[in-house]
Amino acid sequence: MPPHQYSSKKEALQALERETAEDVSLPLQEANLVFGEGNPDTEVIFIGEAPGYYENRERRPFVGRSGQLLTELLKTIGWKRENVYITNIVKRRPPENRDPTPEEITLYTPYLLRQIEIIRPKVILPLGRFSMNFFLPTAKISRDQGKMFWWKESLVVPLYHPAAALRSMSVKAELEKSFSTLPTLREKYAELLKERGAITMPSEKEEVEKSQPGLF
Ligand code: URA
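The structure displayed is predicted, hence computed values, not measured ones.

Caption draft 1: Quick peek at the overall build of the protein chain. Scanning the protein chain for helices and strands turns up 10 helices and six strands. Counting across all 216 residues of the protein chain, residues that qualify as buried make up 38%.

Caption draft 2: Structural view of the sheet that holds strand β2 (residues 44-48). As summarised here, the arrangement of the six strands in space is β1-β3-β2-β4-β6-β5, forming an open sheet in which the pairing is mixed. Because the sheet does not close on itself, it has two edges, and the strands there are β1 (37-38) and β5 (149-151). Alignment of β2 against strand β3 (residues 85-88), held across four bridges, turns out to be parallel. Residue pairing across strands places Ile47 opposite Thr87, the latter belonging to β3.

Caption draft 3: Inspection of the site of the ligand at higher detail. Of all residues adjacent to the ligand, which total 13 residues, the nearest are Gly48, Glu49, Glu55, Pro61 and Ser66. A breakdown of the residues in the shell around the ligand according to their chemical character gives five nonpolar, six polar and two charged.

Caption draft 4: A look at helix α3 (residues 65-76). Counted at 1.5 Å a residue, the expected span for α3 with its 12 residues is 16 Å, and the 17 Å between its end C-alpha atoms agrees. Of the residues making up α3, those classed as buried are Ser66, Gly67, Leu70, Leu73 and Leu74. On an axial view of α3, the arc spanned by its buried residues comes to 120 degrees, and they lie on one face. Within α3, the exposed residues directed more than 90 degrees away from the buried face are Lys75 and Thr76. Against the buried residues of α3 lie α7 (162-167) and α8 (169-181). Just beyond α3, the residue with positive phi is Gly78, at close to 80 degrees.

Caption draft 5: Molecular detail of the nonpolar core. Within the largest apolar cluster, 41 residues are counted, with the highest numbers of intra-cluster contacts made by Ile45, Phe46, Ile89 and Leu125. What Ile89 contacts, discounting residues up to four positions off in sequence, is Ile47, Glu49, Ala50, Ile105, Tyr108, Thr109, Leu112, Phe130, Ser131 and Phe134.

Caption draft 6: Structural detail: unusual backbone geometry. For Phe62, which is not glycine, the phi torsion reads 50 degrees and is therefore positive. Among the secondary structure elements, Phe62 is positioned in the loop between α2 (53-58) and α3. Of note, Asn97 is a non-glycine position whose phi angle comes to about 55 degrees, a positive value. Inspection of the secondary structure assignment puts Asn97 in the loop between β3 and α4 (102-119).

Caption draft 7: Representation of the pairing of β3. By the alternation rule, side chains of β3 split into Tyr85 and Thr87 and Ile86 and Asn88, which are all buried. Note: β1 against β3, two bridges, orientation antiparallel. Within β3, the residue paired with Glu37 across the bridge is Ile86.

Caption draft 8: Fine view of the packing of helix α1 (residues 9-22) against α4. Contact geometry of α1 with α4 gives a least axis separation of 9 Å together with a crossing angle of 170 degrees. Classed by the angle they form, the pair α1 and α4 counts as roughly antiparallel. Here Lys9, Ala12, Leu13, Leu16 and Thr20 of α1 come into contact with α4, specifically with Tyr111, Arg114, Gln115, Ile118 and Ile119. A class-by-class count of the residues in the contact of α1 with α4 yields six nonpolar, two polar and two charged.

Rules behind the numbers
- Residues numbered from 1 in each chain as written.
- Predicted model: local features only at pLDDT ≥ 70, side-chain atom pairs only at ≥ 80, totals over all residues.
- Helix = DSSP H or I, 4+ residues; strand = E, 2+ residues; numbered from the N terminus.
- Buried ≥ 20, exposed ≤ 12 C-beta atoms within 10 Å, placed from the backbone.
- Pairing = 2+ DSSP bridges.
- Near = placed C-beta within 6 Å.
- Nonpolar A, V, L, I, M, F, W, Y, C, P; charged D, E, K, R; others polar.
- Expected span 1.5 Å × (residues − 1).
- Arc of directions from axis to C-beta.
- Contact = placed C-beta atoms within 7 Å.
- Core = buried A, V, L, I, M, F, W, Y, C linked by C-beta atoms within 7 Å.
- Axes fitted to C-alpha atoms, helices over the stretch in contact; angles between N-to-C directions.
- Parallel < 35°, antiparallel > 145°, perpendicular 65-115°, else oblique.

None of this, on its own, says anything about what the molecule does.
In structure tokens:
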């Protein structure tokens, strides 16, 4: 369900995007806002680090070389890019593509959290360690990528950042392997949620058991 004052998740996300654009207290104001894109009714959200040169230019996430690899990996598992949602933890490009600072991450995350609250994805796929460590502060990417963790009501599966896979054939092989397991997550989510029992509200349980083929 979208937040009650909006009739759809799409509308709620549009309002949040306007609010983010108007918040001049956010850092990196000289760059364009790259809010995120995809299907607001999806079950899966990919979360990268911060936009790069091409993302800033086109105001869309993951459209440069990393984005091309992400799109190819999605194709290999039969998922359409437009059926998932893709965003970043920091929503404006840091100069010279430097890593986002802890302060930039802290200041942008309330907006990321609200995006997640609106979408309510079953599966969160952080790309790279910055995004992973927001959900799982003690996780290590080489040890934990491809593993499943609960975060609130979502399964979190950290993945290597596609940029790292472009630099290393062995990282690319690991990323491909982890991607190949993603189509099973929907079933796993339902099973694990049942095991978790106590947190399963009747309406949520129904939702989990309802088949929504197009979205995975
Ligand atoms: N790297 C990211 O983390 N995000 C993008 O949108 C592009 C490259």
